[in-house]
Amino acid sequence: MGDVLDHYVDGKPWSGTSDRLSPVYDPARGVVTKEVRLASPADVSTAVTAATAALTEWSRTSIAARQNVMFRFRELLTARRDELAAILTAEHGKVLADAAGEIARGLEVVDLALSMPHLAKGEFSQNASTGVDVYTVTEPVGVVAIITPFNFPAMVPLWFFPLAVAAGNTVVLKPSEKDPSASNWLAELMVEAGLPPGVLNVVHGDKDAVDALLTHPDVAAVSFVGSTPIAKHVYTVATGEGKRVQALGGAKNHMLVLPDADLDLAADAAINAGFGSAGERCMAVSVVMAVESIADQLVSRIRDRMGGLRIGDGRTGNDMGPLITGAHRDRVGDYIDVAGRDGATVVVDGRSVSADGDPAGFWLGPTLLDDVPLTSAAYRDEIFGPVLSVVRVDGFAEAIAIINSSPYGNGTAIFTNDGGAARRFQQEVQVGMIGINVPIPVPVAYHSFGGWKASLFGDSKAYGKAGYAFYTREKAVTSRWLDPSHGGINLGFPQNT
């Protein structure tokens, strides 16, 4: 048993008042390395109070001063990114290369936050009416609660808090209790960069902490990423309390491969998008839709590539690490049995993997299912693991109909060399993020991230212009000043009379 991880409130570690603890595992070894404190509602209230106390001064701090803090934070994070990557691998299990990529994508949003002087500019209409000017300004929304998932313990917090803080808000961050250390590390780095105490706070916890944030009267806005059922709960409860909410939910992402596609490129993409980060990504490709005429060739290419993947401890040069917990590993493995009973062909069964790591680790190798029926739970559910399902279709129209019938609408991709087919695909598919010969179409930071349907609750996507708009409120000011000709001060040169 290791140490106990405290909350981070008002610029320093804080143990809180609750005596509840939760284990934090090293998934590659299957052992508990530390425990994390689980906040009570009273602990959450203390963190919100610290954020509220810091809000007035921070919101009035100049844009230039806030930008300087973000510059220093970016420099520190860039210099120490290997340290953070090691934390991610130790607690999540993803290989170091995945961890480094996660930090790089998070840094893109830090770069966006550095453009705050431009984002914060308002609009001005001179002489909208005779002698009347109208202009708009943006102001911070207030105390923001950010609730993030286990699969990206650094990137998802970095999608949100740099923009929120740079816009003048204060934050209470509640990360996953499964891999919580990255959030404390980031908060400490922000303070080292010059962020005043109380502007960014971290509370750890479970549903008790989440619900306390959703209902706290001093929390003005909530950013959430997680499963669809929890996203819906967050949206329903928090909007019922009058809060602004962006709640990003789950996904079942399809990748359509047409007969004219480069099948080697498509197979490589399926491997990377299906098994990267052990499939624990909301943008992972979990369904490959193969047109029947090339399905056998594509399945063969994917299977051959899977044989070369190295599964094991993420710290020793492997391609894919373990799953986050033993319980999650078992849940994902159960879907392989479900698919087989429902008539799918189990081409590669990851449960028999021989991993380069401790036998007690939470191992499940890449799994390939072929001919998966649309009625199977293995197709319908978000498995959130390294299980790639192949669904065979007759052609383009059938594929579009299947994708659009999904309750999710996060990401999708098409692989083709036909520009007309790609253009029609992007127009007809009812999904928020689309890749054309790109398997994981996560937008760059100056665009915005978010899906449709049951993949997003609320009107606001993450980061980009939408992210900045979410963390600010707009004021419109209509002003009129009397012209000097009405009397008052004489603006001419002084004269002797």
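Nothing here was measured: the structure is a model prediction, and the numbers come from that model.

Student: Hey, could you run me through helix 4 (residues 96–113) in this one?
Tutor: Helical periodicity: at 3.6 residues per turn, an α-helix aligns residues three or four positions apart in one direction. Along its 18 residues, helix 4 runs 26 Å from first to last C-alpha, staying within 8% of the 26 Å computed at 1.5 Å per residue. When helix 4 is considered as a whole, its buried residues turn out to be A99, E102, I103, G106, L107, V109, V110, L112 and A113.

Student: Please explain the nonpolar core as it appears in this structure.
Tutor: Among the nonpolar cores identified, the biggest contains 65 residues, and F73 and L77 are the most heavily contacted of them. Of the residues forming this core, the biggest block, 10 residues, is contributed by helix 6 (residues 155–166). Residues from two domains meet in this core; each of domain 1 (4–250 + 450–477) and domain 2 (253–407 + 411–436) gives at least three. Those residues in contact with F73, other than ones at most four positions away along the chain, are V110, L158, F161, L186, L189, M190 and A193.

Student: Would you explain the pattern of salt bridges in this entry?
Tutor: For the structure shown, the criterion picks out 28 salt bridges. Its salt-bridge partner being D26, residue R315 comes within 2.9 Å of it at the nearest N-O pair. With R315 in the loop between helix 11 (292–306) and helix 12 (326–341) and D26 in strand 4 (residues 21–26), this pair connects stretches of sequence that are 289 residues apart. Classification of R315 by relative accessible area gives partly exposed; the value is 35%. Using a relative accessible area of 2% as the deciding quantity, one classes D26 as buried. D349 is the salt-bridge partner of R351, the closest N and O atoms lying 2.9 Å from each other. Judged by relative accessible area, D349 falls into the partly exposed class, the value being 27%. Salt bridges sharing common partners tie together E292, D296, D370, D371 and R392.

Student: Where do I start with the environment of G314 in this structure?
Tutor: Looking at the secondary structure, you find G314 in the loop between helix 11 and helix 12. Expressed as a C-alpha distance, the spacing of G314 and A99, which sit 215 residues apart in the sequence, is 9.3 Å. Among residues more than four places away in sequence, those in contact with G314 are T89, G93, K94, V95 and L96.

Student: I'm lost on the packing of aromatic side chains in this one. Help?
Tutor: Aromatic ring pairs: the centre-centre distance and the angle between the two ring planes describe each pair. Per the counting criterion, the structure on display carries 10 aromatic pairs. Measuring from ring centre to ring centre gives 6.0 Å for F73 and F161, while their planes differ by 65°; the resulting arrangement is edge-to-face. Here the residue F73 occupies a position in helix 2 (residues 63–79), and F161 occupies one in helix 6, the gap between them amounting to 88 residues. Considered together, F73 and F161 belong to a single accessibility category, that of buried residues. Relative to F457, the ring of Y235 has its centre 6.3 Å away and its plane inclined at 40°; by these criteria the two rings are tilted. Here the residue Y235 occupies a position in helix 9 (residues 228–240), and F457 occupies one in strand 22 (residues 456–457), the gap between them amounting to 222 residues. Site record: aromatic cluster; members linked through ring pairs are W159, F449 and Y463. If you follow R244 out to its NZ or CZ, it ends over the ring of F470, 6.0 Å from the centre.

Student: Can you help me understand the confidence of the model for the protein chain in this one?
Tutor: Caution applies to low-pLDDT parts of the model: their predicted coordinates are not meant to be read in detail. Summarising the model, the protein chain shows a mean pLDDT of 96, and 97% of its residues fall at 70 or more. Mean pLDDT in the protein chain bottoms out at helix 5 (residues 116–119), which sits at 93, and peaks at strand 9 (residues 170–174), which reaches 99.

Student: Help me understand unusual backbone geometry, please; the structure alone is not making it clear to me.
Tutor: Only a minority of non-glycine residues have a phi that is not negative, and only a minority of peptide bonds are not trans. Unusually for a residue other than glycine, N127 sits at a positive phi of about 60°. Summarising the element assignment, N127 is placed in strand 6 (residues 124–129).

Student: What should I look at first to understand the sheet that holds strand 16 (residues 367–370) in this one?
Tutor: Strand pairing in a sheet relies on backbone hydrogen bonds. The paired strands run either parallel or antiparallel. Pairing is mixed across the open sheet formed by seven strands, whose spatial order is 15-16-17-14-13-19-20. Two strands close off the open sheet at either side, each with one partner strand: strand 15 (345–348) and strand 20 (433–436). Sheet twist, expressed as the mean angle between neighbouring strand axes with direction ignored, is 20°. Two elements, strand 14 (residues 285–291) and strand 17 (residues 387–393), share five bridges in a ladder whose sense is parallel. Paired with V288 across the bridge in strand 17 is V390. On the sheet, helix 12 packs against strand 15, strand 16 and strand 17 and is oriented at approximately 20° with respect to strand 16. Packed onto the sheet, helix 15 (residues 419–428) meets strand 13 (253–257), strand 19 (411–415) and strand 20 and runs at close to 165° relative to strand 19.

Student: What should I look at first to understand the layout of surface pockets in this one?
Tutor: Think of a ball as big as a water molecule: rolled over the atoms, this probe shows where empty space is left. Taken as a whole, the second largest pocket holds about 330 Å³ of empty space. At the level of secondary structure, the elements contributing two or more residues to the lining of the second largest pocket comprise helix 5, strand 7 (132–140), helix 16 (464–470) and strand 23 (472–480). A breakdown of the residues in the lining of the second largest pocket according to their chemical character gives four nonpolar, six polar and four charged.

Student: Quick question: what am I supposed to make of helix 2 here?
Tutor: Compared with the 24 Å implied by 1.5 Å per residue over 17 residues, the 24 Å span of helix 2 between its first and last C-alpha is a close match. Residues of helix 2 that are buried: R66, Q67, V69, M70, F73 and L77. Along the axis of helix 2, the buried positions cluster into a sector of 155°, meaning they face one direction only. Exposed residues pointing more than 90 degrees away from the buried face of helix 2 are listed as E75 and A79. Of the surrounding elements, those touching the buried residues of helix 2 are helix 1 (41–60), helix 3 (81–91), helix 4, helix 5, helix 6 and helix 7 (181–192).

Rules used in this analysis
Residues numbered from 1 in each chain as written. Predicted model: local features only at pLDDT ≥ 70, side-chain atom pairs only at ≥ 80, totals over all residues. Heavy atoms only, no water. Helix = DSSP H or I, 4+ residues; strand = E, 2+ residues; numbered from the N terminus. Expected span 1.5 Å × (residues − 1). Buried < 20%, exposed > 50% of the residue type's maximum accessible area, 1.4 Å probe, protein only. Core = buried A, V, L, I, M, F, W, Y, C linked by side-chain atoms within 4.5 Å. Domains from an automatic or database assignment. Contact = heavy atoms within 4.5 Å. Salt bridge = Lys/Arg side-chain N within 4 Å of Asp/Glu carboxyl O. Phe/Tyr/Trp six-rings, centres within 6.5 Å; stacked < 30°, edge-to-face > 60°. Lys NZ or Arg CZ within 6 Å of the ring centre and 35° of its normal. pLDDT = per-residue confidence, 0-100. Pairing = 2+ DSSP bridges. Axes fitted to C-alpha atoms, helices over the stretch in contact; angles between N-to-C directions. 1 Å grid on protein atoms, 1.4 Å probe; cavity = no way out; pocket = protein on both sides within 12 Å on 5 of 7 lines; lining within 4 Å. Points joined across faces, edges and corners; volume = space filled by probe spheres on them. Nonpolar A, V, L, I, M, F, W, Y, C, P; charged D, E, K, R; others polar. Arc of directions from axis to C-beta.

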